[in-house]
Amino acid sequence: GQQLNQSPQSMFIQEGEDVSMNCTSSSIFNTWLWYKQEPGEGPVLLIALYKAGELTSNGRLTAQFGITRKDSFLNISASIPSDVGIYFCAGSGTASKLTFGTGTRLQVTL
Amino acid sequence: SAVISQKPSRDICQRGTSLTIQCQVDSQVTMMFWYRQQPGQSLTLIATANQGSEATYESGFVIDKFPISRPNLTFSTLTVSNMSPEDSSIYLCSVNTGGGWETQYFGPGTRLLVL
């Protein structure tokens, strides 16, 4: 089936640094979503993107829907300890279901 | 939004046994989903369980292994049958309250370890 490749797989950064992660697909998606999952919890939606080229922000988070519709990226500015978690991209094509990326594990050190 | 609870939150089971996972939502929803998240992996959709119809299973998942019940608009169960160590995963319930992806919510998951 479809698979979304996310990179990097994991990141160790210092508090205050900016973070960038991306997601690529072999298929075109109509919607790109970014989720955060903390230990013991389900994923929580951070940003939803619905149009190629769209750039959307949510506080310190900014995400873009790639112009080819096969990729997306997420930036986190000025990271803080509570940003720790696993970040997943997810895409939706013509079928009404989500395909999740492989995840980026973020660790923030003081 | 939707508040989703799952029972049990975690369990350790012996191979060959079955476990039924419950999902309870605080509001009536039509669309309910079950996902599997294998250790360190991404989420994979097992099936869609809409009330009033049979569950629709994704490729690689079958009803005999993962029977699902959806008796009403606030509740669903997923059974993991005849378990093997490969079934060790987090099983997540998810609902969609409005039809768009921004209205999809996930439960906290059930952590299953099969010995």
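Residues numbered from 1 in each chain as written. Chains lettered and ligands numbered in written order. Predicted model: local features only at pLDDT ≥ 70, side-chain atom pairs only at ≥ 80, totals over all residues. Heavy atoms only, no water.

(A) Up close: the sheet that holds strand E3 (residues 19–25) of chain A. All names here are of chain A. Spatially, the five strands line up as an open sheet ordered E1-E3-E8-E7-E6, and their pairing is antiparallel. Across the chains shown, the open sheet's two edge strands, defined by having one partner strand only, are strand E1 (4–7) and strand E6 (55–58). With strand direction ignored, the average angle separating the axes of adjacent strands in the sheet is 15 degrees. One ladder, built from five bridges, connects strand E7 (residues 61–65) with strand E8 (residues 71–76); its direction is antiparallel. Across the sheet, Leu61 pairs through a bridge with Ile76, a residue of E8. (Pairing = 2+ DSSP bridges. Helix = DSSP H or I, 4+ residues; strand = E, 2+ residues; numbered from the N terminus. Axes fitted to C-alpha atoms, helices over the stretch in contact; angles between N-to-C directions.)

(B) Up close: the sheet that holds strand E8 (residues 75–80) of chain B. All names here are of chain B. Strand order in the open sheet formed by four strands is E1-E3-E8-E7, with antiparallel pairing between adjacent strands. At either margin of the open sheet sits one strand with a lone partner, and together these are strand E1 (4–7) and strand E7 (68–72). Shown here is a sheet whose adjacent strand axes are inclined to one another by a mean of 15 degrees, direction ignored. Both E7 and E8 contribute to a ladder of three bridges, which runs antiparallel. Paired with Ser69 across the strands is Thr77, a residue of E8.

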